[in-house]
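Residues per chain, in single letters:
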Amino acid sequence: MAWTEYTNGLFSLDDFDTTRFGTDSNDQVGPSPGFWLVDPAPGDDYLEGNAGNDNLTGHGGDDVLVGVDPDYFGAGAGEYDRLNGGVGYDIFVLGDNQEVYYEGNGYAIIEDFNQAYDYFAVNGSSSDYSFTTDSNVIGGSANDTILKYQGDWIAVLEDTNVDLNTGDFYFL
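Sequence order sets the numbering: in each chain, residues are counted from 1 along the sequence as written. Reporting of local features is limited, given that this is a predicted model, to residues whose pLDDT is at least 70; pairs of side-chain atoms are given and counted only at 80 or more, and all residues count toward the totals for whole chains, interfaces and linings. For side-chain calculations, the full set of non-hydrogen atoms in the structure is used, while hydrogens and water are omitted.

Caption draft 1: Spatial organisation of the packing of aromatic side chains. Here a Phe, Tyr or Trp ring, Trp counted by its six-membered ring, pairs with any other such ring whose centre lies within 6.5 Å, and the pair is stacked when the planes are under 30 degrees apart, edge-to-face when over 60, and tilted otherwise. Counted according to the given criterion, the structure contains 12 aromatic pairs. Considering the side-chain rings of F92 and F113, the 6.5 Å spacing of their centres and the 50° angle between planes classify their relative orientation as tilted. With F92 in strand β7 (residues 91-93) and F113 in the loop between β8 (106-110) and β9 (119-122), this pair connects stretches of sequence that are 21 residues apart. In terms of burial, F92 and F113 fall into one category: buried. Consider the rings of F169 and F171, whose centres lie 5.5 Å apart with planes at 20°: the pair is stacked. Accessibility here uses a 1.4 Å probe with only protein chains present; expressed as a share of the type maximum, an area under 20% marks a residue as buried, one over 50% as exposed, and anything in between as partly exposed. Under the relative-accessibility criterion, F169 is labelled buried at 11%. A run of DSSP states H or I qualifies as a helix once it reaches four residues; a run of E qualifies as a strand once it reaches two. Both are numbered from the N-terminal end.

Following this line, the structure appears as structure tokens:
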């Protein structure tokens with residue numbers, strides 16, 4: 001399984017009430033009735049997308065959201081995934097100990113980053129990352145924060161204008 005590499009205490013799949021994986025298509029994974037891939041599941045969830053543009057939505061609880069399939073090198077290239085952790089302490093995974101996700105074309109759209117509660121799991125070190133705020137890249141009329149890895153966009157924090165710092169990251 002892809003997450004055996006996370007033996008540094010960050011998390012393991014055994015930590016979650018629900019573990020859901022997307023398919024090799026454009027998926028919607030999350031706790032909402034109707035056309036979603038999985039049924040509602042309260043608690044701490046691990047949600048993983050796959051190839052294609054995925055929508056992942058957490059629920060109440062401390063969730064981990066991975067928009068890509070981390071088993072493939074170049075994960076996230078050409079993808080535009082929407083990640084929403086919901087209420088709770090959430091980890092948005094933008095890389096692992098092998099690579100940065102979303103390099104080149106594509107990026108993760110983080111709909112609900114809360115600097116008081118949420119974190120990013122990323123590859124590399126703090127010197128690899130920078131951020132800017134830009135007017136309305138995506139979403140409403142509020143400014144967005146763009147997270148960059150060595151100048152390449154890897155995430156857009158939708159309608160969120162924050163000064164990111166090293167306390168917002170787990171470096172893998």
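Caption draft 2: Here's a closer look at the pattern of salt bridges. In what follows, salt bridge is the name for a side-chain nitrogen of Lys or Arg lying within 4 Å of a carboxyl oxygen of Asp or Glu. Using the criterion set out here, one finds 2 salt bridges in the structure. Residue E111 pairs with R82 through a salt bridge whose shortest N-O separation is 2.6 Å. In this pair, E111 sits in the loop between β8 and β9 while R82 sits in strand β6 (residues 79-84), placing the two residues 29 residues apart along the sequence. With a relative accessible area of 30%, E111 lands in the partly exposed category. Residue classification places R82 among the partly exposed residues on the basis of a relative accessible area of 24%. Linked by salt bridges that have partners in common, R82, E111 and E158 make up one network.

Caption draft 3: The arrangement of the confidence of the model for the protein in detail. Scored between 0 and 100, pLDDT is the confidence that the predictor attaches to each residue. Taken as a whole, the protein shows an average pLDDT of 79; of its residues, 75% reach a score of 70 or greater. pLDDT under 50 marks residues 22-28. Its contacts with residues more than four places away, or in other chains, come to 25 contacts. We call two residues in contact whenever any of their non-hydrogen atoms come within 4.5 Å of each other. For residues 30-40, every residue scores under 50 in pLDDT, and the model assigns this stretch 24 contacts once sequence neighbours within four places are set aside.

Caption draft 4: Fine view of the nonpolar core. Nonpolar cores are built from buried Ala, Val, Leu, Ile, Met, Phe, Trp, Tyr and Cys residues. Side-chain atoms within 4.5 Å join them into one set. Of all hydrophobic cores here, the largest spans 31 residues; its most connected members are L94, I110, F120, L147, I154, L157 and L164. If you list the elements that add at least two residues to this core, you get β3 (45-48), β5 (64-66), β7, β8, β9, β11 (143-149) and β12 (152-157). Ignoring anything within four residues of it in the chain, the contact list for I154 reads L94, V100, Y101, Y102, Y107, A108, Y129, L147, K148 and Y149. If you look at the next biggest cluster of nonpolar residues, it comprises 5 residues, including Y107, I109, I138 and V156.

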